[in-house]
Amino acid sequence: MEAVYLTFVLVLSIFLGFELISKVPATLHTPLMSGANAISGITIVGALLSAGAGQAAIASWLGAFAVAFAMVNVIGGYMVTDRMLGMFKKKDSGGSK
Amino acid sequence: MSDVLINLAYVVAAVLFIFGLKMLGSPATARNGNLLSSVGMLIAVVVTLLAHSIVEFHFIVIAGLIGAVIGAFAARAVAMTAMPEMVALFNGSGGLASLLVGWAALYNEGTTTFIAFTIFLSILIGGITTTGSVVAWGKLSEVMPSRAIVFAAQRIVNGAFLAAIILAGVMFCMDPSTSSPEFIAVLVLSMILGVMVVIPIGGADMPVVISLLNSYSGLAACAAGFAIHNNILIVAGALVGAAGIILTNIMCKAMNRSLANVLFSGFGAVKTATKVEGEVKPITVDDAYLILEAASSVTFVPGYGMAVAQAQHVVRELGNLLEQNGAEVTYAIHPVAGRMPGHMNVLLAEANVPYDQLVEMDDINPRIDNIDVAVVIGANDVVNPAARNDENSPIYGMPIINVDKARTVFVLKRSMASGFSGVDNPLFFGENTRMLFGDAKESITGLVAQFKS
């Protein structure tokens, strides 16, 4: 039953994703991509659970590496997206240097 | 913290991701949207750390700090022109993390066939994402040649790899164990497959691959979520997967090719375009200045060449001078110009071009006849009229920016070599085309100097 329930969540999320993103203007394609990429770093939650559960040593090591890589993805992804979006300016909005 | 509270907090995080993505849809709200989504991530991480099942923190703290420092340093240090390869590396890093999470899940007790199947999927998708992204990074940063690497029977070899992975996967799912040799086989073969599927893809097709890998990194997180029964991984992973698929689809449409065609064929070697002959009319910077000075509407059409020449700042300077001179200035951007979706927009934004001056192909084409001068900077295939006129051309049917219909076209070009697709460009021989040979940055700097004097 659990598998069916998780699949249910999956299918609804995919449809929601399609609805949300289908209308992004081309100007924002790169920030959208790197912003979405940062969200895929959510796998850090799974990594934390593996690394901290105090189970088999190998699992903890795998989890620790996963934490490090997911953290690169999360921190790097959000920061780089923010840096890019900070450069998008409307005309005459005080941004011209 | 109880599981119920943790899951409720995950719901909040999911809502923040959804609103964040929605706000990324408009330039005015995008930055706050990204911030909102990062708050969602922070909530998810903090409540997970409060879970009862987490008893050891030293691994987490050390690994987390190392990752955070590397990520923050990379994000600050990267040049805007190097953004495609940076995004590729972040993708790969997320994919690898999901692979490792799936792998670690194998050590949990009571691995059922269903869980084994989801572990298999996270290894497969995570593995392809990891090595595929590394190869994409290599091609984009030109550590390795960016052209398509094709060899005989490539598809058969890749098919054999995939078949072997599926076979090993089935055997692993039947009898999952941490020491299963089939598991190791899946792991190794998936990583090899990631390399194999990206090497035959050439430089100009990179926007498709980057967005596809982006989608995979989400799907890998999704699969890992199934493996450890975690809702937030599934929801967030699926959102990213959907976003990547949509972008991939937009990129394919902009090249009038199917995804299968981009992934499986090195570029159109079959058809030979009708040979174009004619006279090329070069122009000097001095003459180009005189025409631009008299123009009342100018549109710049940038391509990957502008990124290579790092010419975005001088282009914007020229744009400003033209505006002061009374001309209406726009920047027309083809969806697949550059090496990733929206590449040109980011570069021009870096150079302080306001986003309301960046226009899309479908907006500029209907009024291009009224444009006095179209300045093509380092773009080739995306402005090639053969895509419209010549049924024999390999790029026939691809939507292009119809610069040939503008009153005058300047093409800034190093030499007469053809574009990535190797197709001749009849635009260069057009009646209203003037070729401004030389380094794009130097040519534009020359024009700027003329305007200032």
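Residues numbered from 1 in each chain as written. Chains lettered and ligands numbered in written order. Predicted model: local features only at pLDDT ≥ 70, side-chain atom pairs only at ≥ 80, totals over all residues.

Notes on the overall build of chain B
Step number 1: Scanning chain B from terminus to terminus reveals 17 helices and six strands.
Step number 2: Over its C-alpha trace chain B gives a radius of gyration of 25 Å, about what one expects of a compact globule, namely 22 Å for 453 residues.
Step number 3: For chain B, buried positions account for 54% of its 453 residues.
Step number 4: Partitioning the contacts of chain B with sequence separation of at least 6, the portion at a separation of at least 24 is 79%. (Helix = DSSP H or I, 4+ residues; strand = E, 2+ residues; numbered from the N terminus. Rg over C-alpha atoms; globule rule 2.2 N^0.38 Å. Buried ≥ 20, exposed ≤ 12 C-beta atoms within 10 Å, placed from the backbone. Contact = placed C-beta atoms within 7 Å.)

Remarks on the domain arrangement of chain B
Residues and elements named next belong to chain B.
Step number 1: Taken domain by domain, chain B holds domain 1 (92-264) and domain 2 (285-452).
Step number 2: For domain 1 and domain 2, the distance between their C-alpha centres works out to 37 Å.
Step number 3: Taken together, the contacts link 14 residues of domain 1 with twelve residues of domain 2.
Step number 4: When residues of the side of domain 1 that touches domain 2 are traced back to their parent elements, those giving at least two are helix 8 (206-227) and helix 9 (231-254). (Domains from an automatic or database assignment.)

Digging into the nonpolar core
For soluble globular proteins, nonpolar side chains are generally found buried alongside one another.
Step number 1: Core analysis: the biggest nonpolar cluster contains 196 residues, and A:Ala66, A:Val67, B:Leu100 and B:Val376 have the highest contact counts within it.
Step number 2: When residues in this core are grouped by element, the largest group, 19 residues, is from helix 4 (residues 57-87) of chain A.
Step number 3: Three or more residues apiece are contributed to this core by two domains, here domain 1 (92-264) and domain 2 (285-452) of chain B. (Core = buried A, V, L, I, M, F, W, Y, C linked by C-beta atoms within 7 Å.)

A closer look at the interface of chain B and chain A
Step number 1: Contact with chain B, which involves 97 residues of that partner, is made by 81 residues of chain A.
Step number 2: Those elements that provide at least two residues to the side of chain B that touches chain A are helix 1 (3-23), helix 2 (30-49), helix 3 (58-77), helix 4 (83-105), helix 8, helix 9, helix 14 (343-350) and strand 3 (358-360) of chain B.
Step number 3: In terms of residues, the side of chain B that touches chain A owes the most to one element, helix 9 of chain B, which gives 16 residues.
Step number 4: Of the residues contributing to the side of chain B that touches chain A, the split by class is 61 nonpolar, 29 polar and seven charged. (Nonpolar A, V, L, I, M, F, W, Y, C, P; charged D, E, K, R; others polar.)

Topic: the packing of helix 3 (residues 43-52) of chain A against helix 3 of chain B
Step number 1: Relative to each other, helix 3 of chain A and helix 3 of chain B sit at 140 degrees, their axes nearing to 8 Å. Taken together, helix 3 of chain A and helix 3 of chain B sit at an angle that is classed as oblique. The chirality of how helix 3 of chain A crosses helix 3 of chain B is right-handed. Judged by residue contacts, A:Leu48, A:Ala51 and A:Gly52 of helix 3 of chain A engage B:Phe59, B:Ile60 and B:Ala63 from helix 3 of chain B.
Step number 2: For the contact of helix 3 of chain A with helix 3 of chain B, the per-class residue count stands at five nonpolar, one polar and no charged. (Axes fitted to C-alpha atoms, helices over the stretch in contact; angles between N-to-C directions. Parallel < 35°, antiparallel > 145°, perpendicular 65-115°, else oblique. Left-handed = near helix turned anticlockwise from the far one by under 90°.)

With respect to the environment of A:Phe69
Step number 1: Tracing the chain through its elements places A:Phe69 in helix 4.
Step number 2: Sequence separation between A:Phe69 and A:Ile44 is 25 residues; the distance between their C-alpha atoms is 8.4 Å.
Step number 3: If near-sequence neighbours (up to four positions away) are discounted, A:Phe69 is found in contact with B:Gly67, B:Ser93, B:Leu96, B:Ala97 and B:Leu100.

A word on helix 8 of chain B
Residue and element names in this part refer to chain B.
Step number 1: Helix length check: helix 8, at 22 residues, gives a terminal C-alpha distance of 31 Å against a target of 32 Å (1.5 Å per residue), a fit within 8%.
Step number 2: Most of helix 8 is tucked away: 22 of the 22 residues are buried.
Step number 3: At the C-terminal side of helix 8, His229 shows a positive phi close to 55 degrees. (Expected span 1.5 Å × (residues − 1).)

Quick word on the sheet that holds strand 3 of chain B
Residue and element names in this part refer to chain B.
Step number 1: The strand order 3-2-1-4-5-6 describes an open sheet built from six strands, whose pairing is parallel. Bordering the open sheet on either side are strand 3 and strand 6 (433-437), each of which pairs with just one other strand. Here the strands of the sheet are splayed against their neighbours by 25 degrees on average, with no regard to which way each runs.
Step number 2: With three bridges joining them, strand 2 (residues 328-333) and strand 3 adopt parallel strand pairing. Across the sheet, residue Tyr331 finds its bridge partner in strand 3, namely Leu358. (Pairing = 2+ DSSP bridges.)

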